[in-house]
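Architecture at a glance
For reference, the chains in residue letters:
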2 protein chains.
Amino acid sequence: MARKPRLQGLGILILFVSLSPAMIVAQQPALNLIPIPASVQAGSGSLRVDSSFTVALAGHSEPRLDRAAERFLRQLALQTALPFSPKPGKNSKATLMIQTEHAGKEIQEIGEDESYVLEVSATGATLTAPTPLGTMHGLQTFLQLVNVSPDGFAAPAVTIQDKPRFPWRGLMIDSARHFIPLEVIKRNLDGMEAVKMNVFHWHLSENQGFRVESRKFPKLHELGSDGLYYTQDEIRGVIAYARDRGIRVVPEFDMPGHSTAWFVGHPELASGKGPYQIERRWGIFDAAMDPTNEKVYKLLDDLIGEMAKIFPDHFFHIGGDEVNGKEWDANPKIQAYMKAHEIKNNDALQAYFSGRIQKLVVKHGKIVVGWDEVLVPGVPKDIVIQSWRGQAALAQAAKQGFRGILSNGYYLDLGWPAARHYAIDPVSGAAASLAPEEKLRILGGESCMWAEYVNPENVDSRIWPRNAAIAERFWSPQEVRDPAAMYARLDFISARLEWLGLTHKTYYRKMLRRIAGPSSPGEFAALHTLSDLVEPVKDYTREQTAPAEPTSATPMNRVVDAVPLESDAGRHFGELVDLYMASSCRDVALGGRLRAQLVHWRDNDAQLQPLAQRSLLVKEVAARSQDLSALGAAGLAALDAIAKGQPAPDSWKSQQLAVIEQAKKPKAQLLLIPAPSVENLVEAAAAGGACFAAKP
Amino acid sequence: MARKPRLQGLGILILFVSLSPAMIVAQQPALNLIPIPASVQAGSGSLRVDSSFTVALAGHSEPRLDRAAERFLRQLALQTALPFSPKPGKNSKATLMIQTEHAGKEIQEIGEDESYVLEVSATGATLTAPTPLGTMHGLQTFLQLVNVSPDGFAAPAVTIQDKPRFPWRGLMIDSARHFIPLEVIKRNLDGMEAVKMNVFHWHLSENQGFRVESRKFPKLHELGSDGLYYTQDEIRGVIAYARDRGIRVVPEFDMPGHSTAWFVGHPELASGKGPYQIERRWGIFDAAMDPTNEKVYKLLDDLIGEMAKIFPDHFFHIGGDEVNGKEWDANPKIQAYMKAHEIKNNDALQAYFSGRIQKLVVKHGKIVVGWDEVLVPGVPKDIVIQSWRGQAALAQAAKQGFRGILSNGYYLDLGWPAARHYAIDPVSGAAASLAPEEKLRILGGESCMWAEYVNPENVDSRIWPRNAAIAERFWSPQEVRDPAAMYARLDFISARLEWLGLTHKTYYRKMLRRIAGPSSPGEFAALHTLSDLVEPVKDYTREQTAPAEPTSATPMNRVVDAVPLESDAGRHFGELVDLYMASSCRDVALGGRLRAQLVHWRDNDAQLQPLAQRSLLVKEVAARSQDLSALGAAGLAALDAIAKGQPAPDSWKSQQLAVIEQAKKPKAQLLLIPAPSVENLVEAAAAGGACFAAKP
């Protein structure tokens with residue numbers, strides 16, 4: 001599916017995962033690996049990595065493995081700045097010996113063996129894997145092991161036996177609502193490889209754009225894309241690039257709804273009268289294909305045939321979500337057809353359509369994937385259900401014998417913290433009570449990057465680093481689930497992903513510079529401080545709170561477009577408050593650190609306001625800046641009150657809580673993240689100085 | 001020329017330009033333009049730049065102008081994140097009307113008209129220029145005018161009449177000592193366009209590498225480059241890319257010295273016995289071509305002919321610098337030839353060689369450019385002298401009738417602050433007293449990026465933003481020379497250059513991450529704080545202070561490789577101290593800001609030391625970190641003493657000065673930049689509390 005802004009999603013509550021300080025300390029991992037391997041045994045000593053480091057390949061040989069080893073050496077060089085020999089050898093004395101047993105499938109298959117064993121000792125390392133897929137995963141693990149040490153770069157001695165928990169570990173990128181250029185797709189494939197994801201689900205058609213060159217029906221992309229589409233050669237390039245990284249590419253052509261852009265060039269497919277224009281707004285629209293028109297199936301037969309040749313994967317995604325049925329209701333011909341063929345309602349009509357399309361996909365040698373809606377009575381059992389509805393729907397499908405993947409809970413665009421995604425397991429909730437063979441039908445999951453509010457500049461930051469936490473959920477053993485330990489590793493992998501060319505960190509200062517315009521260092525620092533502590537509003541509230549109806553032409557140059565979806569500084573402040581409270585507010589050093597931050601916030605607004613007078617884009621957050629100052633002052637007052645060791649008066653408390661209430665309101669579509677933690681300090685002060693311990 | 005580490009340069013003193021606070025305020029420019037135009041008249045109001053903004057071209061038409069307008073629209077979109085129509089039109093109602101009068105030269109010539117007039121009013125803008133060169137410069141000026149304003153993006157109403165002071169405004173990049181990949185070259189050409197530089201001098205051969213594909217003599221690049229060379233097609237691509245940006249490309253093949261890499265494949269050219277290997281060390285070496293061997297001229301005739309066809313520019317650089325003559329002295333055949341032909345000494349032998357080469361260059365239709373050494377008696381007057389020796393040598397050449405360009409004072413690798421480069425004028429010093437017609441022979445200058453200590457990761461930061469200050473020196477009227485105003489504009493242009501893809505800001509955090517390895521936010525922040533306040537040692541001291549002899553294989557992953565060559569934070573601290581002292585140390589707010597920084601420095605080391613225990617690369621700067629702490633403590637003690645209003649005791653003063661003396665010493669090849677400013681505070685405290693005013 002796609003988006004349920006108007007139908008669903010508003011009721012979702014944000015559950016902040018509370019991180020107890022005990023967990024932070026106890027489960028801190030020794031190795032900064034994401035995803036955590038299935039089994040890790042520490043050895044003693046470490047393997048030095050210097051410019052004499054070499055790699056050799058043995059066993060099964062294919063060009064893809066050579067390229068993987070060369071890529072590994074390039075990445076290791078980026079990571080260390082050491083000059084390595086650029087080519088792997090066959091030398092049996094190489095530092096890292098790689099043994100691949102046999103070839104993988106010509107077209108990468110779900111459930112292929114992806115396991116590997118990596119043994120690192122002080123004198124060398126060996127990586128063995130049954131297939132190139134395991135080899136590639138093992139190389140990424142090795143890269144994550146290498147760090148600067150007291151003696152230089154080194155990898156700790158360790159034995160890792162690893163394999164994935166789920167065979168389908170995907171990232172979906174919507175290239176249709178906003179076009180995402182090729183180089184952005186490719187660097188995100190690099191990121192996927194780094195965290196061992198193996199399915200790139202490419203959402204290629206939407207109301208807002210048809211993004212693939214069709215040689216059979218060129219009006220689809222010529223009139224349906226504003227010239228922003230991928231040529232067939234470019235797509236083949238992406239597929240080869242992905243295969244080189246152990247990643248399958250599953251294309252999605254969403255139908256019968258989400259298809260306005262098709263109708264610009266081919267109005268005859270639609271259920272309404274037309275003419276149609278490329279949709280510029282967001283939401284769910286009426287336009288839908290006409291399931292009663294044989295011309296529709298003729299064109300789709302040819303088009304699916306054309307696309308099936310370009311995309312080698314065994315799976316083909318037909319979308320199928322969110323048809324509101326209005327065009328069907330309004331079309332007398334369709335109504336007459338339904339009556340004549342005893343199709344009782346729109347659900348049945350869509351089921352009829354899905355059945356027909358499913359046969360076309362099978363005819364062209366592929367297996368259907370579709371969103372929940374495609375699961376209707378009579379549909380063949382080999383289709384794969386991608387569930388945006390949730391674990392219950394997925395479990396229900398599995399019980400009925402369908403394979404499925406979970407995406408509910410993994411929508412990156414909703415702005416959830418990594419810990420919240422991380423807490424969601426494809427086989428939990430309703431799925432936990434499935435029989436073992438039913439559980440096996442749950443193939444894994446996919447994170448989804450819907451593209452209403454992303455463009456090439458900020459899209460990486462909307463995917464990373466949070467997507468690495470989801471990748472770990474899909475790969476690592478189910479027991480791996482401590483959020484504090486995950487965050488420690490996430491911070492680290494986030495820095496590494498930058499070496500692959502991802503821009504999820506570097507874009508931010510550039511966007512803030514644009515927002516600030518000419519500014520003194522102090523003014524810019526004040527904007528940075530504020531921006532570091534806010535997050536965009538969550539879930540589907542962004543449309544509703546927008547100053548004007550957003551469209552695909554709305555500039556993405558505001559603070560809400562620039563800030564990361566999860567505030568590191570806000571999280572760290574919350575952790576600090578938790579630690580301080582756990583010390584019964586007696587830890588002087590922690591108190592001092594809190595005070596320094598709060599003073600900084602209190603005084604920040606005075607630095608920012610002159611800039612707000614000069615820049616419209618800063619002016620938008622001027623009230624947020626005042627709220628941050630007020631939060632700083634409230635926090636300082638709470639620390640002062642705590643220091644007195646006596647309960648602060650009720651009048652004081654309600655005064656402070658009123659300030660915090662203001663700070664908690666969204667403004668400029670931004671949430672001020674430290675507000676709840678400051679509230680905790682105020683509550684503690686009111687309760688009498690000796691803070692209650694943080695909740696477990 | 002190249003480098004004089006052993007022969008010269010050690011005597012150069014670093015002159016810190018003192019910035020008086022009065023200058024900072026008085027000359028702050030209203031517009032953030034670099035380079036400052038020849039004439040600016042402010043209008044009233046401003047031109048709104050929103051998504052309805054359009055561009056139209058009129059007058060002379062050529063594809064290069066269309067591409068320039070499209071590039072302008074792309075850059076404007078990057079700068080504003082507004083969605084513009086991607087193509088210029090012919091509409092007479094466009095927001096920006098561009099009128100180009102006539103074509104430029106087919107091969108861009110020195111002295112072509114580069115002027116333009118840009119008029120911006122509240123209702124529209126017009127840009128008129130005689131040639132496409134002026135048009136392109138005017139477009140860059142317009143881009144710099146656009147900023148976020150209280151009402152959104154806008155350009156202030158203004159009339160600009162602009163033209164360059166010098167016709168030769170170059171940047172030399174040494175791609176030979178370290179290979180610089182194509183995309184790095186291209187993004188630096190984008191940077192050059194932004195600051196109106198018009199000559200890319202490409203240093204393509206050295207002891208350490210021959211970087212151009214030669215089809216006639218393939219052993220040159222095959223054996224002389226470690227496989228790191230530019231193909232002829234790639235070079236043609238760079239030349240076209242540069243021409244599109246109004247930039248000439250002047251190739252340099254350095255001979256008869258600096259040529260070891262040639263001899264790996266062609267030892268018969270050398271004066272020594274060989275065999276030769278690609279040089280891995282830095283410095284001046286003995287290897288030199290044999291001026292007495294006719295085979296040398298035969299090969300060079302063919303090679304220059306081949307290269308002259310690839311590089312269309314009228315000028316061809318033959319290097320000619322730094323031949324130590326040892327191979328000539330040691331070769332009896334050469335000695336015999338000299339005797340037979342009455343060649344008195346090595347200078348005369350080099351003059352003979354230069355004369356022969358000069359004739360070959362002329363034969364292939366080009367004009368010779370060479371470093372100072374090529375200027376010997378009898379050399380024809382049309383050669384151009386590039387002076388690494390200085391203004392006196394340049395003036396002397398001009399007196400003799402030679403044209404010249406200045407590079408002495410513009411060596412980016414020496415690590416000078418922008419203000420020091422900025423203070424150097426091609427027509428000052430000895431050149432100031434030249435007759436007008438002699439002055440005209442000084443065509444301009446070139447900044448030089450020698451590549452001993454740069455690689456693709458940090459090279460942008462070694463060139464930018466300082467190169468923009470040099471570009472202003474070459475373009476703007478001679479009277480434009482206030483360093484404080486320059487710095488204010490430089491900070492701003494620096495942010496803009498990032499939108500062009502330059503990485504001079506973004507590389508830094510990535511390199512620090514590698515140095516830190518796994519680290520807590522506090523530890524990483526401590527490393528960042530320290531790194532922001534240090535600069536690499538200056539001039540030619542880097543070789544001498546290196547922990548081991550540096551070579552082209554030395555990893556560039558240390559703090560000295562990561563930090564910018566000019567510390568913004570250090571400069572800002574110095575400005576703050578100057579302001580505080582100018583207030584007779586009575587400004588409480590300034591004192592508070594100083595105190596906050598000094599406390600931060602004092603406490604920084606405690607955060608950094610645990611990281612130094614874990615990372616070898618941090619450990620290297622652990623002593624520097626202690627020095628920074630000590631500086632912080634000394635500065636705080638000075639502020640305390642100043643607050644007492646009485647002269648601090650002599651014993652106290654000498655104690656503090658001893659600390660500062662330590663901090664002033666280079667360690668880990670790094671200078672701690674705030675040391676002199678803290679010293680000023682200590683002196684002020686010792687002098688009795690009421691500080692002396694900062695020197696004018």
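Fair warning: this is a prediction, and the values are worked out from it, not measured in the lab.

Residue and element names in this part refer to chain B. Where burial is concerned, most of strand β7 (residues 152-162) is hidden: eight out of the 11 residues are buried. Taken together, the seven bridges between strand β1 (residues 39-48) and β7 define a ladder with antiparallel strand orientation. Paired with Leu47 across the two strands is Ala155, which belongs to β7. Here strand β4 (residues 116-121) runs beside β7; their pairing, made up of five bridges, is antiparallel. By the bridge assignment, Val120 is partnered in β7 with Val158. The pairing of strand β6 (residues 147-149) with β7 spans three bridges and is classified as antiparallel. Bridge assignment links Val148 to a residue of β7, and that residue is Phe153. Remark: two residues form the turn of the hairpin made by β6 and β7, two consecutive strands paired antiparallel.

This part covers the relation of the copies chain A and chain B. You can overlay chain A on chain B at an RMSD of 0.1 Å; the transform is a turn of 180 degrees with a shift of 0.0 Å along its axis. Such a turn and shift between the copies fits a two-fold axis. When C-alpha positions in chain A are compared against the rotation axis, the closest is assigned to A:Thr506, at 3.0 Å. When the interface residues of chain A are mapped onto chain B, 100% of them are again interface residues, pointing to one common binding face.

Let us now look at the sheet that holds strand β8 (residues 168-174) of chain B. Residue and element names in this part refer to chain B. Taken in spatial order, the eight strands line up as β8-β9-β12-β13-β14-β15-β16-β17 and close into a barrel, and their pairing is parallel. Averaged over all pairs of adjacent strands, the angle between strand axes in this sheet comes to 25 degrees, irrespective of strand direction. In this structure, strand β15 (residues 384-387) lies alongside strand β16 (residues 403-406), joined through four bridges in parallel fashion. By the bridge assignment, Gln386 is partnered in β16 with Ile405.

So, on to the packing of aromatic side chains. Within this structure, the stated rule accounts for 40 aromatic pairs over all chains. Ring geometry for B:Phe210 against B:Phe253: centres 5.9 Å apart, planes inclined by 40 degrees, an arrangement best described as tilted. Of this pair, B:Phe210 sits in strand β11 (residues 209-210) while B:Phe253 sits in strand β12 (residues 248-255), placing them 43 residues apart in sequence. Like B:Phe253, B:Phe210 is buried. A ring pair is formed by B:Phe253 and B:Phe316, whose centres lie 5.8 Å apart and whose planes are at 15 degrees; its orientation type is stacked. Highlighted residues: B:Phe253 in strand β12 and B:Phe316 in strand β13 (residues 315-319), separated in sequence by 63 residues. The burial state of B:Phe253 is the same as that of B:Phe316; both residues are buried. Aromatic rings pair up to connect A:Phe53, A:Phe72, A:Phe84 and A:Phe142 into one cluster. Over the face of the ring belonging to B:Trp475 we find B:Lys196, whose NZ or CZ atom lies 5.8 Å from the ring centre.

Turning our eyes to something else, we now look at helix α19 (residues 521-532) of chain B. Across its 12 residues, α19(B) extends 16 Å between first and last C-alpha, which sits within 8% of the 16 Å expected from 1.5 Å per residue. Taken residue by residue, α19(B) has B:Glu523, B:Phe524, B:Ala526, B:Leu527, B:Thr529, B:Leu530 and B:Ser531 as its buried positions.

Moving on, we come to the side chain of B:Ser677. Structurally, B:Ser677 can be placed in helix α27 (residues 675-687). For B:Ser677, the residues in contact, after removing those within four places along its chain, are B:Phe573, B:Gly574 and B:Val577.

Mean pLDDT for chain A: 93, with 95% of residues reaching 70 or above. In the model, residues 1-29 of chain A has pLDDT below 50 throughout and makes 76 contacts with residues more than four positions away in sequence or in other chains.

All right, on to the sheet that holds strand β14 (residues 367-371) of chain A then. Residues and elements named next belong to chain A. Here we have eight strands rolled up into a closed barrel, ordered β8-β9-β12-β13-β14-β15-β16-β17, and parallel in their pairing. Here the strands of the sheet are splayed against their neighbours by 25 degrees on average, with no regard to which way each runs. As paired strands, strand β8 (residues 168-174) and strand β17 (residues 442-449) are joined by six bridges and run parallel to one another. Its bridge partner being in β17, Met172 is matched across the sheet by Cys448. Of the strands in this sheet, β8 and β9 (199-203) touch helix α4 (residues 182-194), which is tilted by about 150 degrees from β9.

Criteria and thresholds
- Residues numbered from 1 in each chain as written.
- Chains lettered and ligands numbered in written order.
- Predicted model: local features only at pLDDT ≥ 70, side-chain atom pairs only at ≥ 80, totals over all residues.
- Heavy atoms only, no water.
- Buried < 20%, exposed > 50% of the residue type's maximum accessible area, 1.4 Å probe, protein only.
- Helix = DSSP H or I, 4+ residues; strand = E, 2+ residues; numbered from the N terminus.
- Pairing = 2+ DSSP bridges.
- Least-squares fit on C-alpha atoms with pLDDT ≥ 70 in both.
- Contact = heavy atoms within 4.5 Å.
- Axes fitted to C-alpha atoms, helices over the stretch in contact; angles between N-to-C directions.
- Phe/Tyr/Trp six-rings, centres within 6.5 Å; stacked < 30°, edge-to-face > 60°.
- Lys NZ or Arg CZ within 6 Å of the ring centre and 35° of its normal.
- Expected span 1.5 Å × (residues − 1).
- pLDDT = per-residue confidence, 0-100.

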